Each structure stands twice: as C-alpha cells, then as structure tokens.
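Here is what each chain is made of, one letter per residue.
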Amino acid sequence: MAADESNQEDDGMVPIGLGCANEEFKEVLEVKELLDSLPNVYNDQIAMETVLERFTFIIDQYQEQPHLIDPHLEMLMNKLLTIGRNMNSPPALQNLAFKCLYLITKMRGSKVVVRLFPHEVVDVEPVLALLYKQDPKDFEAAETRYILLLWLSMACMIPFDLVRLDSNVVQESGDMRLPVMDRIYNIAMEYLTVVDKSRNAAAYLMSRFMTRPDVKKRKLTEFMDWALKFIENAEYITMTGADSLTGVLTTIGLMFKHGKREDLLQYAPTVLEKVVRQNLYECNNNRLRKYGVKVVQRLGTTFLPSRVAKWRYQRGCRSIADNLQLSKEAVKERIAMETTNGNEEDDDEDYDIPEEMEEVIEMLLTSLKDKDTIVRWSAAKGIGRITGRLPKELADEVVGSLLELFNLQESDGAWHGGCLALAELGRRGLLLPVRLPDVVPIVLKALAYDERRGTYSVGAHVRDAACYVCWAFARAYEPKEIAKYVNQIACSLLIASIFDREVNVRRAASAAFQENVGRQGTFPHGIDILTKADYYAVGNRTHCYLDVSVYIAEFSEYTEALINHLADVKVHHWDSIIRELTAKALHNLTEKLPEHMAKTVLPQLLTHTTGLDLHSRHGTILAVAEITHALSSVAEQKNKTIVDMIDKGIIEDIKGIAAKLQDAKLFRGLGGELMRKAVACLVEKCSLAKMPYHKGPVIDTWQEILDDCWNHVEPDIHMAALSAIQPLCNEYYQISPGAADHRIQEMMIEKYLRQLRASQEITRQGHSLALGALPEFMLRGKLRPVLAGLIQATQITDKDQKWAEGRRDALKAITSVCKTVGVVRDGDQTQVICSGNVGQVYEALLVAMKDYTLDSRGDVGAWVREASMTGLQELTSLAVNSSPDIIKPGVCEHVMCSLVQQCCEKIDRTRAHAGNVFSALLYHEPSIPHIPNREELQAIFTKDVCKSLNWAAPCDTFPLFTQLIKYPTYTYSVILGLAVSVGGITGFLVKHSSAALHSYLRNVAKDIPEMTRITSTITKVFKDYQKVDRVSLPMLKMLDQLLSKGCFDSLIQEESHPFPLEMFKLVRTELMRCGDPQKLLASADVYCDLLQFPGEVRRMCLSNLCIFLCHRFPRIRKTTANKLYEVLVTYDDIAPEENVEELMTVLSETLWDEEIEKIKPVRNNVCVLLNVPVPVPLKKASSWHFLKKKNAINFFGQMMIPPKLKRLSTYIYFLIHSQPSCDLLPTFV
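Residues numbered from 1 in each chain as written. Predicted model: local features only at pLDDT ≥ 70, side-chain atom pairs only at ≥ 80, totals over all residues. Heavy atoms only, no water.

**As for the overall build of the protein chain**
- Assigned secondary structure in the protein chain consists of 65 helices and six strands.
- Here the protein chain has a C-alpha radius of gyration of 42 Å; the compact-globule value for 1229 residues is 33 Å, and the former is much larger.
- With respect to the principal axes defined by its C-alpha atoms, the protein chain has extents near 135 × 100 × 60 Å.
- Across the 1229 residues of the protein chain, 53% fall into the buried class.
- Contacts in the protein chain between residues at least 24 apart in sequence constitute 71% of all its contacts with a sequence separation of at least 6.
- For the protein chain, the accessible surface area stands at approximately 56,600 Å², while carbon and sulfur atoms represent 51% of it. (Helix = DSSP H or I, 4+ residues; strand = E, 2+ residues; numbered from the N terminus. Rg over C-alpha atoms; globule rule 2.2 N^0.38 Å. Buried < 20%, exposed > 50% of the residue type's maximum accessible area, 1.4 Å probe, protein only. Contact = heavy atoms within 4.5 Å. Areas by Shrake-Rupley, 256 points an atom, 1.4 Å probe, with all protein chains shown as cover.)

What follows is the structure in structure tokens.
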C-alpha cells in the first residue's frame, strides 16, 4: 500500500516490492571486476561510460530488494573509498569512484550506508582536505561532494574533543590553520544553501555535528542565531531562496530529532515563532511546506518529554520472533503484565503542557489538508508522534479534531490526510477501542470515496489510505474489539479489491483483507477467498468483475453486498468501461439472487434509464438489459418464461425505454453515441430473453434505431448494432422456424442494398456489415442480389477510390454471408453458395488482394487485403468441408500465390495474417485439393515450424519464403513481394529480406538456366508494374542491391544475355517524364551498377549518366558525379586508361550545384573523356500542331460521327494538316 510504503521509507526502510524475484546479489563478481577496472578506464570516455552504464544497470535491478547487497556492501565500499581517499588518485578517477558509491547509496539508502563509512581519527583530515578541494558549482562532481559530506558526518563523531586534532601548522599564506571544528562548521554552512543533493548531506552533517558536547558549547548558539535570522529574512518566492530555506529547515528538523531535549528546548519557542511567521503553508513550494511540517512536529516532540503513554492500547506480544523465543507461560505472563500496566492510572500525567503545543497541533491538523501528499503524510506522522506523548484526555481531543476532517465540505486531501493520521494512531496503539464506533463508519465511507469532477473523478488516494487504515487496525486490535465490525469491513474491502477502478487500490484492499484474515482470523471464508482474490489476481480488472466476483458471491455473507454496490454505485460511474463491466458482472451474479434482482434491483435501475444524467442512463440501460437476459436464462433452467420471473409493470417499463429516449431526442448530441450503444445492447438482450413484444410498435422503433446506427461514424456503434440485428430477426421476424416475414425481408434487403450505393462511405460500411449479420432465413431467396450488391461494393471506381474501409467491410460481409448460408455444390444460387456463384465470390476476393489504396494514413488497402485473406480462408474451408471438387485448380493456385506474395511484403501485421492463413490452408483437414507443390511446401513449412513461427518477424519468415523461388508457380509472387520489402525504407525489414534474397541468389549463381529464369521473372515484374511507384521505385532499389552485391556476376560472362539490356530499357522507360528525385537517384544507382556489363549496355548507361550530370535538380547532378567517381575507382575498364585520372579530377572538383550553363561544358568534356556522344537537347514540338489537333476535335465533335470513330476522324484531320501534301489521304482511307 502506498501509505505503508511511504511510512517505511520515511523511517529509513526501503519498501521491498512484492514482485521481486532475486534471491541474492548474483552479479557481485561482475561488480567487483567493474570496480577493479576503474583505474584503467577513467581516462577513456567510451570505456568509462560503458563501465558506468553497466554498473548502473546492475544496481538499478536491486532497487526493490536493496537488502540483498548487505553481505557485500562493506567490501564494495572499501574498494571505492580506497580509490577516493588516495591523494595520488587523479580527480577524474576519484569522481568516478564516488559516483559509483553514490549509486550504491541511492539504492541502499544513506542511513544504511553512512554507518559503514570509516570513522577513525585519521579519516577526518583527509575528508576535510578533499572537501576543500571541491568546487560547489562543478556539476560533474556533485556525487563526490554528496558522499564526502556523508562521510564527514560519520567521521566527525569521533569520541574525542576536536581540539586535540588541531595543530599550529602555518599555511602558505602565513596564517595559522583554522581549528578542525571551525573548518567542519564552515564547510557544512557553505553547502547548506546549494541547489543540488549535497544540501541534504550537509544538513545531516550539521545536525550530527551540533550534537557533539564540545561543539554545542561553542557553535550551537551561533548557528541557531544565524538560522533564525535566515528564516526571518528568507525570500522563498525565488528558486534560489526556496532551495536555501529548504536546507536550513532540514537542518533544524534533524537537529531537533537527533539532539537532546534539554539542549534545544530553550530555542524551541523562538524557532516555532519564526517558522509560523513565515506562513510556509501558504507557499507554492511543496518541499518547503513538507520541511516546515517536519520542523513543527519535531518542535512538538521537544516541548513534550519523551515517554511511552501507559494509556495506549496494547495487543500484547505482537512480535513473531519474541513469540518463538519465549515459552507459552512466559508469553502469557508478559501479556498479563502489559495488560495490567495498561489499566493502571498514569501517575505521570500531571505534567504541564506548554501553550505552544496548541499551535503545533493546529498546524499539523491544518497540514493534513494540504494539496500535496508528502506534506499530508509528514503531518500524519507528526500527529502520531505527538499524540503518544499527550495525556489521555488531550489525546482524545486530538482524535476528535481529526474526525472533524471527515465531512462532505472538506476536500479529498483532507480525507486522505485524515486516513493517514488514523492509520498512524491505530498503528501506535493511540486510537482506543472506545473510539471505534466513530472511526469505523468513517473508514467505510473512505473506502468508497469517489468524487466526480466532470469527465473524471478524484478519490483513489483516499481509498488507498483507507485500505492502509484497515491494514493498521488488523495489526493493532484484538479480534474481540473488531468482531462487531467484521462483516462491514470485510464486505467493503472485498468490494474495493474486485470492483475499484484503480489497480493500486484493488491491490491495497486485497493486502488489507489478507492482513485481517491472518491477524484477526474472523473474516468469513477469508482463506478461501484469498486463494482466488490474491494480490496478483486482482491486477486484471476484467477478471475481477467477471470471474472473481462470481466466486466470492457464492458465499452468502457477501452476495447481496456485491450486487447492491454494483447497482447503487458502479452503474453510475463516470467511466464507460466500468459501467459496461458492471452490467456484465450483474448478468453473472443474477443467478445467485434472482428474486432480489427481479424484485429490488430491476425496479431501482429502471427509474434512472430515462433520467437527466448521461452516465446513469447509459449504465442503467446496460444493466437492465443484462439482468433481463440473465433472468431469462434462470427461467429457462426452471422451465419457466421471462414473464414468470418479472412483473408485468417492469416488462412494460423496459418496453418503453427506447421510445422515451427517442421522444426526448437523447440520441442526438454528445451523449447520443452512448445511448445508441446502450439501446442496441437492450435490443439484443431483450431479443435473447424472448420478451413478449412480438408484432408490437416497439419492434419498429428498435429497427429504426438500429438502421440509424448503420449511418454513424463510430465503429463501436456498428458493432453494437451488429450484435443486436441477428437476435432481433431470430425472435421477431421469423413467422415459423426457418421462414421469414416476407414483407419485412423484402423491405430490409431492398433498403440495405440501396444504401450500398450511397454517397457516404460510412453508410456503405454500416449497411454492408448489416447484410453480413442477417440470419440464414432472412437471406433465403435473396442471396443473388445480396452477393451482387456486396461484390459491387468491393470494386474500385474513380468516385470511391479512397474508400478502403467501405470495401473492407463489404468483404467482411461477403465472408459472413458465405458462412451463414453455407456451400452446397449443386444448390440453388438464391439460397446457398454453389458451383454457379462460387466463382464470382472467389473472383471478388482475389481482386481485392490487389487493393493497394494509399491515403494520408498510409497503405489503407492493407485492411482490404486482410479482409480478403480471411474471406478466402473461410470460403475455402467451407467448400472443402462440403464439396472439395467445387474448387478449381486455377483458383487454388491463384489463392496460394496471392498469399505467398502477401507473406513477402512489407507490413508486419499483413504479413503475419497472410502467414496464418497460408499455414491454415496448407494443413487444412480435410486437405485442400490442387495446392501447387504441396509436398515441397510442407517440407519447408512443417507443422512444428508453422506453430512456432512468428509470421510478423522478417528474420524468421523471409529465409523460408525465398526458397519458393525455385518453384515456377510461386516465383513471380515471391519476387513481387520481395521487391517491395527489399526496396523498402524500414531498416530491419530491408536487412532481413535482402539478406534472405542475396543468400538464395548466391546459392544458384552458377546455374545459368535458373538465373535466366529468375531474371526473366524480375524483368516481367518490372514490366508489369511500369510507372507504378509502389513497385517500380522499390524495384529499382532492389536491383541496385542485387547488382552491387554481385548477385548477377555470373551473367557478365554471358555476352548475349538479354537481362542487362532489358533492365536498361525498362529503367529508361520508367524515367520518361519523371520528376521524382528518389526515383531518379535510384535509377542512377542502377545505371552505375549496369556499367559492369560490357558492350552496348555500358555505352548507353554512360550516356544517360552524362545526361544526369546536367539535370535541373542540383542534388541529382552531385549524386551522379559521386556515383561515377566511385565507378571509376571500382572498375578499370569504364573509360580509357589515359583519361581516368582527369575524369576523377573533374568529377571530384567541379561544383555541380552551380548553374547548368556553367556546368554544361564540363559535362561535355566528361562525355569526350568517356568516349560517349555529347547529349543534344530535343527540340520542342511547334505549338501549331496542338492547335490543329484542338481544332480537329472541335470540328469532328460537331459532326454526327459515332463515338468510336471520333478518335480516328481526329487523327485523319491532324494527319492532313500536318503533312505538306494530302495525297496519302485516299490511300489511308
């Protein structure tokens, strides 16, 4: 629990996490090696950072288990301090050693580490010397200063008068060296007002230093005078002033903590006056307020003498270790003695209480309401410490004042601070059992505290603190004291542990429940419940609501409390997810108390279904729907109907919910979305419950609401309506088993098909999904138009080219329709999928596999392809299970090739989905006929491989799919998919896809026929996707990789091989009228790679590269020149040997980003040196040609010429006016 952990941390104990898994400090040998290596790496920046990073990583692993380092802590500290105290060590090495020691201190805690510092007389001077060498403004040595100050705080406590350490040594300046006492005092004063963590160490040093008998005589008054003046004149508005004042307040608080009361009591009233006058509780700096509270509480403990209140409540011997060591008789005797002492009158309670105590307690009570948790927590501990020193009557007054914080007018901070204070009082035995009747109801309210503020609420910290109170009470009181409150506390803790929204509160409540079960032993069925609702189980909120709650409800003591909490509180919660889970939980709990649900809960909920509060309307409608459905299930088990379980009045009220909401126009505005989903759920559950609304007007209202949902933009509303439409049809549109109401069927199908041609994409989406959700009897006789409409909705047109989501949902609907009607080979096309219509379904799905629509969100066509793959899997599975021969060989081959292509493409999600579908079809039972190379595929993709393979991981999948290149059926698909991946932009994808392809091509490099077949396929893919940037640009990048890495070196010797020439022509065609810099750069790379092929290809590539040297884009010119330079360095025969040096000089020294007119002579010189023709610019066509063509179009457009002949007529007219003679016209005609 948060409160408990904060308490431990403040007392110097680091909380140990419950999820810790380490049993020992396993890396001790590695840490020793790292520390031993410090002298060797401190002057090497990279090595030092590597060592420090590894050391930090190891130490941070034990932040939750710091005690594991204790057996080795002293040894590690000695290693580091040996380096740090060595005066011959370089400053950089000393800083590194102290930085490592700081990391250990941060992990283990300064209070533990400080005790292990060397504290002999010989250590004082070296530490002081090191501190005087430090620069307080050097941020790189901040850790060094912090550790040295901590070390000095221990070294200065030597049991000798510090005067004995003084010497009459004369310094270089001629002055006598200051006494050790003054030097320590000065160094501590210097660091009290710095801004880094050294301030805390200096405060600790000063507080310890001032407690020495010899120091307090000489320095205490001086320091207190300085501190009081500083507090009085402090300006904490600025950051510097706030930091300085923080250091002074920390020091004073620690001094009053560590010092003797008789030494400091004289200063306490003055310090209190100065602190109160500063009004620290009004400043915005939470650290100042925290340390102000700490000073005040320590002043309070100084005003009151230290004593153990004999009136406090004692439970007896609560130490397990003591119980194990003592005999039973001794334990009983000790308990009896303590009890007797506890009942005696406190004879010492007649001492005077200083007047200042009233102000101290008032400030602490006020600080319990602070806006920051750290301030409230400090104040709560102060209340506990001071109350333990007060007489019984005054302590009871403090408790009474504390209880006044718990009212509705106070803030959530006051409730939180009050709970923390109650827990502290209970933990210390200062909250007497007589106060429990007042405290327990408050704690129960705090366990359910949740204050709504707009679209969120506050109160999680209050509920967490209330759990801490219950945890403290379990340890503080005897079972007989808590017995009368057991059921209330147990129910409240269980409700918090399974129904609270926040995971930390659920776990805190579970821990408190477990503590009460173990300490009190009176919680009903405590052990049984803990086995199901332990710390880890309550971490999953859905599991708590739907599973754990059902288990706990089996115990009658908790059933009604759980149900009432859900019905009274959680259905009105501000979080819609909680309301939905609440409704489902009530559904699961209905069978435990059906009568209570029907007679009490349902009427209560119905009053809120049409109220003003949106959250309440939404939650109660969902709850009514779920409870109604659950009651129908209970009735069915008892051979009854829903009418037997629910009163007629309630049935009528449920019937009128939708109409009332519609009349009140509550489906509009911001809350309309929630209302639509809630009513859709109500329709679904009422239909499943077989509510007696047949042929009533409410059915038309429900249908109207569902039809309106299809036009909504929110996918969640579509899903809610989808869940409702089938139960509605099954219950109210079926006149007999398997027969639909013809009028309603005609109306619905016609309307939904008409909306598939709507001008809004979202309308198409909703109605497509609606058609897919219709039951089989509603599609009977209407399958042909339904399939035709959905298939048309999957096709890409100019108008709806970007509507990928509409096409995706149409494909989902086709898949759903196929699953609904089934596959029968010789069936009726109007009723089932058969040989007559399966072809068009396959065609639609396979065409959708080519959807690569792009918009601002990226490749949205991937959604369409994924839906198509799912449809192919479902349809093929249905066909094989019923009529395998309905699947044609060509269709099966097309399906497998499409899947293989998707398995090789670039999107991880799509690739994973394709892989799962591919493996499902490959190993389908019964076997799918006509899969090409089935045996070879199963040899590569074995069952074990398919089960364990991560289909989304490029490093796992690409090495397998590249093996399919050897099979001609799959070569084209693999190459096409790999082209997009190898030429992609994602580094991880490109790395593994290109590595797999390179590896395969190197293995077959010597097989010229196979290489020829592969290059022919690459050429065909490039030709098929010419000018398609999605493929052509990655294809250019892939070719660059393959050529540059020597994958086609075996073809260089084949002088007549067509591959290089075909590649050149394809690249040149791709660049015609191209202005894309990326494609131009990729083409330049390919041209340079093709230079390794001798002959005409090399000459043409050089010519095109020379054209690039005068391209209008400077980037193209510069990159091409660099590429040419690299080529000349790589290959020896690109240019005449005598020209190479001059070429390299020209290419490297020319400023290619200057104006083209200045560069063109240089480029022409490069052409001459390369022995290629100088490029000549083409003349632009005369403008009159285009004017003539336009006139021809206008002339023939006015004539009565059939449309198919207009283009021919235009060409004739243009030919006549373009030629000097018209003699060719008769011949042409």
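**What about the confidence of the model for the protein chain?**
- Per-residue confidence for the protein chain gives a mean pLDDT of 87, with 90% of residues at or over 70.
- For the stretch residues 338-348, pLDDT sits under 50, and the model shows eight contacts to residues farther than four places along the chain or on other chains.
- Between residues 1181-1229, whose pLDDT stays under 50, and residues either more than four places distant or in other chains, the model counts 29 contacts. (pLDDT = per-residue confidence, 0-100.)

**Structural notes on helix 34 (residues 614-637)**
- Taking 1.5 Å of rise per residue, 24 residues should cover 34 Å, and helix 34 covers 35 Å from first to last C-alpha, within 8% of that figure.
- Most of helix 34 sits out of view: 20 of its 24 residues are buried.
- Capping the start of helix 34 is the job of one residue whose side-chain oxygen sits 3.3 Å from the backbone nitrogen of histidine 615: aspartate 613.
- In the segment just after helix 34, asparagine 639 is the residue with positive phi, at about 60°. (Expected span 1.5 Å × (residues − 1). Polar contact = N/O pair within 3.5 Å; in protein donor to acceptor, adjacent residues only side chain to side chain.)

**Comments concerning the pattern of salt bridges**
- A full pass over the atoms with the stated rule returns 53 salt bridges.
- Of the charged contacts, one joins aspartate 263 and lysine 216 as a salt bridge, the two residues approaching to 2.5 Å between their closest N and O atoms. One end of the pair, aspartate 263, is in helix 15 (residues 261-264); the other, lysine 216, is in helix 12 (residues 213-218), and 47 residues separate them in sequence.
- Of the charged contacts, one joins glutamate 746 and lysine 782 as a salt bridge, the two residues approaching to 2.4 Å between their closest N and O atoms. (Salt bridge = Lys/Arg side-chain N within 4 Å of Asp/Glu carboxyl O.)

**Let's talk about the packing of helix 16 (residues 268-277) against helix 17 (residues 286-303)**
- Viewed as axis vectors pointing N to C, helix 16 and helix 17 meet at an angle of 155°, and their least axial separation amounts to 10 Å. Judged by the inter-axis angle, helix 16 sits roughly antiparallel to helix 17. Crossing hand, helix 16 versus helix 17: left-handed. Across the interface between the two elements, Ala268, Pro269, Val271, Leu272 and Val275 of helix 16 pack against Val295, Val296, Leu299, Thr302 and Phe303 of helix 17.
- Considering only residue class, the contact of helix 16 with helix 17 consists of nine nonpolar, one polar and no charged. (Axes fitted to C-alpha atoms, helices over the stretch in contact; angles between N-to-C directions. Parallel < 35°, antiparallel > 145°, perpendicular 65-115°, else oblique. Left-handed = near helix turned anticlockwise from the far one by under 90°. Nonpolar A, V, L, I, M, F, W, Y, C, P; charged D, E, K, R; others polar.)

**So, unusual backbone geometry**
- With an omega dihedral of 0°, the bond running from glutamate 925 to proline 926 counts as a cis peptide bond.
- The phi dihedral of histidine 525 falls on the positive side, at around 55°, and the residue is not glycine.
- Here histidine 525 is to be found in the loop between helix 28 (503-519) and helix 29 (526-532).

**Brief notes about the packing of aromatic side chains**
- All chains considered together, the criterion is met by 26 aromatic pairs.
- Residues tryptophan 415 and tyrosine 449 carry aromatic rings whose centres are separated by 5.1 Å and whose planes lie at 35° to one another, so their mutual orientation is tilted. Taken together, the positions of tryptophan 415 in helix 23 (residues 412-427) and tyrosine 449 in the loop between helix 24 (436-447) and strand 1 (451-453) put the pair 34 residues apart, joining distant regions of the chain. For the pair tryptophan 415 and tyrosine 449, one class covers both residues: buried.
- Here the aromatic rings of phenylalanine 918 and phenylalanine 941 are separated by 5.1 Å at their centres, their planes lie at 75°, and the arrangement is edge-to-face. (Phe/Tyr/Trp six-rings, centres within 6.5 Å; stacked < 30°, edge-to-face > 60°.)

**Section: a negative patch on the surface**
- A contiguous patch of negative charge, built from Glu355, Glu358, Glu359 and Glu362, is present on the exposed surface.
- As for its position among the elements, glutamate 358 is in helix 20 (residues 356-367). (Patch = residues over 30% accessible without salt bridge, like charges linked within 9 Å, V, L, I, M, F, W, Y side chains within 5 Å. Lys, Arg positive; Asp, Glu negative; His and termini not counted. Charge placed at Lys NZ, Arg CZ, Asp CG, Glu CD.)

**A look at the side chain of arginine 1117**
- The residue arginine 1117 is located in helix 60 (residues 1114-1130) in this model.
- Comment: no salt bridge for buried arginine 1117; closest opposite-charge side chain is aspartate 1153, at 6.3 Å.
- With residues near it in sequence (within four places) discarded, arginine 1117 still touches Phe1108, Leu1109, Cys1110, His1111, Arg1112, Trp1152, Asp1153, Glu1154, Ile1156 and Ile1159.

**Overview of the packing of helix 44 (residues 783-793) against helix 45 (residues 804-821)**
- As a packed pair, helix 44 and helix 45 sit with axes 8 Å apart at the nearest point and diverge in direction by 155°. Classified by the interaxial angle, the pair formed by helix 44 and helix 45 is roughly antiparallel. For the element pair helix 44 and helix 45, the recorded crossing hand is left-handed. Contacts from Leu783, Val786, Leu787, Leu790, Ile791 and Ala793 in helix 44 reach Arg807, Ala810, Ala813, Ile814, Val817 and Val821 in helix 45.
- Here the contact of helix 44 with helix 45 is built from residues that sort into eleven nonpolar, no polar and one charged.

**Focus on the nonpolar core**
- Membership of the largest hydrophobic core comes to 404 residues, with the highest contact counts inside it found for Phe117 and Phe918.
- Beyond its immediate sequence surroundings of up to four residues, phenylalanine 918 is in contact with Met896, Leu899, Val900, Cys903, Leu937, Phe941, Trp951 and Phe961. (Core = buried A, V, L, I, M, F, W, Y, C linked by side-chain atoms within 4.5 Å.)

**Details of the state of the cysteines**
- The final tally for this structure, using the stated rule, is zero disulfides.
- Among the cysteines around cysteine 1047, which has no disulfide bond, cysteine 904 carries the closest sulfur, lying 16 Å off.
- Overall, the relative accessible area of 1% leaves cysteine 1047 in the buried class. (Disulfide = S-S within 2.5 Å.)

**Examining helix 58 (residues 1077-1090)**
- Helix length check: helix 58 (14 residues) gives 20 Å between terminal C-alpha atoms against 20 Å at 1.5 Å per residue, within 8%.
- Burial runs high along helix 58: twelve of the 14 residues are buried.
- Where the residues of helix 58 are buried, they touch helix 56 (1029-1044), helix 57 (1059-1071), helix 59 (1096-1108) and helix 60.
- Where helix 58 starts, the residue carrying a side-chain oxygen 3.2 Å from the main-chain nitrogen of glutamine 1078 turns out to be aspartate 1076.

**Description of the environment of lysine 480**
- Following the sequence through the fold, lysine 480 ends up in helix 26 (residues 479-482).
- Lysine 480 sits in the exposed class, given a relative accessible area of 67%.
- As a C-alpha pair, lysine 480 and glutamine 520 span 40 residues in sequence and 8.8 Å in three-dimensional space.

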